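Residue-level structure breakdown
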Amino acid sequence: MDLGTICKKLDRCEYSSAQALRDDIELVWTNAITFNGEQTWIGENVIKLREITKLKLEHAEAQFSQVRRRALCTTREDTMAQSNPQRGGSESSSTLNLSGDGTKVLTPQMRLHFYFNAKRLRPSEMLELQRIVRQKCPAALSDLQTGDIKIDIDALNFSTFIRLDVHVRNLLVQRT
């Protein structure tokens, strides 16, 4: 096992659990020390990398838990949309990834399309998008040191993301 193989397995979504990923990473560290020794430059770096990996995985798990809790807390709008197809309850399963419990989840493709579409907005349109986010989910906005404002897509619930995505697409369509 090596880090390149781990990256390929991650890209192909071959890990069934976070523990399986942890086990493979630990195997890499153990093999590096076994074959090179603890007192070598490789062994010393492995000790540092082990600690960094532990902290990164703990941080990633905490973020995942936080996103998962937000996703499980469906809003009243989500519930109403599910029961009323005229309000948007008939989403196509080809654009949604449903988890085992029926929770709607944003796919990476949805996020990527939103990102590229949002990059095409004019400054005034971006300000309008920020205003909508501030109104619907202020926790998703954060001020950067550069003076810019970042929109954290992961902090948005599903219905707010869809509303923003539709808004951005409508702005772009109106230009043509």
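Residues numbered from 1 in each chain as written. Predicted model: local features only at pLDDT ≥ 70, side-chain atom pairs only at ≥ 80, totals over all residues. Heavy atoms only, no water.

So, the overall build of the protein chain
Spelled out, the test is: Strands are runs of DSSP state E lasting at least two residues, helices are runs of H or I lasting at least four, and both sets are numbered from the N terminus onward. By definition, residues are in contact when any of their heavy atoms lie within 4.5 Å. To be clear on the numbers: accessible area is Shrake-Rupley with a 1.4 Å probe, and residue cover counts the displayed protein chains and nothing else.
In terms of helices and strands, the protein chain carries seven helices and four strands. What you see in the protein chain, going N to C, is helices and strands ordered as α-α-α-α-β-β-α-α-β-β-α. In the protein chain, 49% of the contacts between residues at least 6 apart in sequence involve partners at least 24 apart. Looking at the protein chain as shown, the accessible area adds up to about 12,300 Å², and 55% of this sits on carbon and sulfur atoms.

Considering the pattern of salt bridges
Which entries qualify depends on this criterion: Throughout this description, the term salt bridge denotes a Lys or Arg side-chain nitrogen within 4 Å of a carboxyl oxygen of Asp or Glu. Remark: exposure states derive from per-residue accessible area (1.4 Å probe, protein chains only) relative to the maximum for the residue type, with buried under 20%, exposed over 50%, and partly exposed in between.
Applying the stated rule across the entire model yields eight salt bridges. When the shortest N-O distance is used, the salt bridge between E26 and R50 registers 2.6 Å. Of this pair, E26 sits in helix α2 (residues 18–36) while R50 is found in helix α3 (residues 41–72), placing the two residues 24 residues apart along the sequence. Across the pair R122 and E125 runs a salt bridge, and its minimum N-O distance is 3.7 Å. Residue E125 is classed as buried on the basis of its relative accessible area, which comes to 10%.

Some thoughts on the nonpolar core
Spelled out, the test is: In this text, buried Ala, Val, Leu, Ile, Met, Phe, Trp, Tyr and Cys residues form a nonpolar core when linked through side-chain atoms within 4.5 Å.
Grouped together as the largest cluster of nonpolar side chains are 21 residues, with contacts concentrated most on F114 and L156. Contributing elements (two or more residues each) for this core: α5 (108–119), α6 (123–136) and α7 (158–175). When neighbours within four sequence positions are excluded, F114 is seen to be in contact with L129, I153, F161, L164, D165 and V168. Core analysis: the next-biggest nonpolar cluster, separate from the first, contains ten residues, Y15, W29, I33 and V46 among them.

Points about the packing of α6 against α7
What counts here: Every angle, taken between N-to-C directions, lies between 0 and 180 degrees, and every axis is a line fitted to C-alpha atoms, over only the stretch in contact when it is a helix. Any angle from 65 to 115 degrees is called roughly perpendicular, while one under 35 is roughly parallel, one over 145 is roughly antiparallel, and all others are oblique. Less than a right angle of anticlockwise turn of the near helix away from the far helix marks a crossing as left-handed, whereas a clockwise turn marks it as right-handed.
α7 packs onto α6 with a crossing angle of 160° between their chain directions and a minimal axis gap of 11 Å. Put simply, α6 runs roughly antiparallel to α7. Of the two elements, α6 crosses α7, and the hand of that crossing is right-handed. For the pair α6 and α7, contact is made by E125, E128, L129, I132, V133 and K136 and by T160, R163, L164, H167, V168, L171 and R175, respectively.

In short, shape yes, function no, at least from these values alone.
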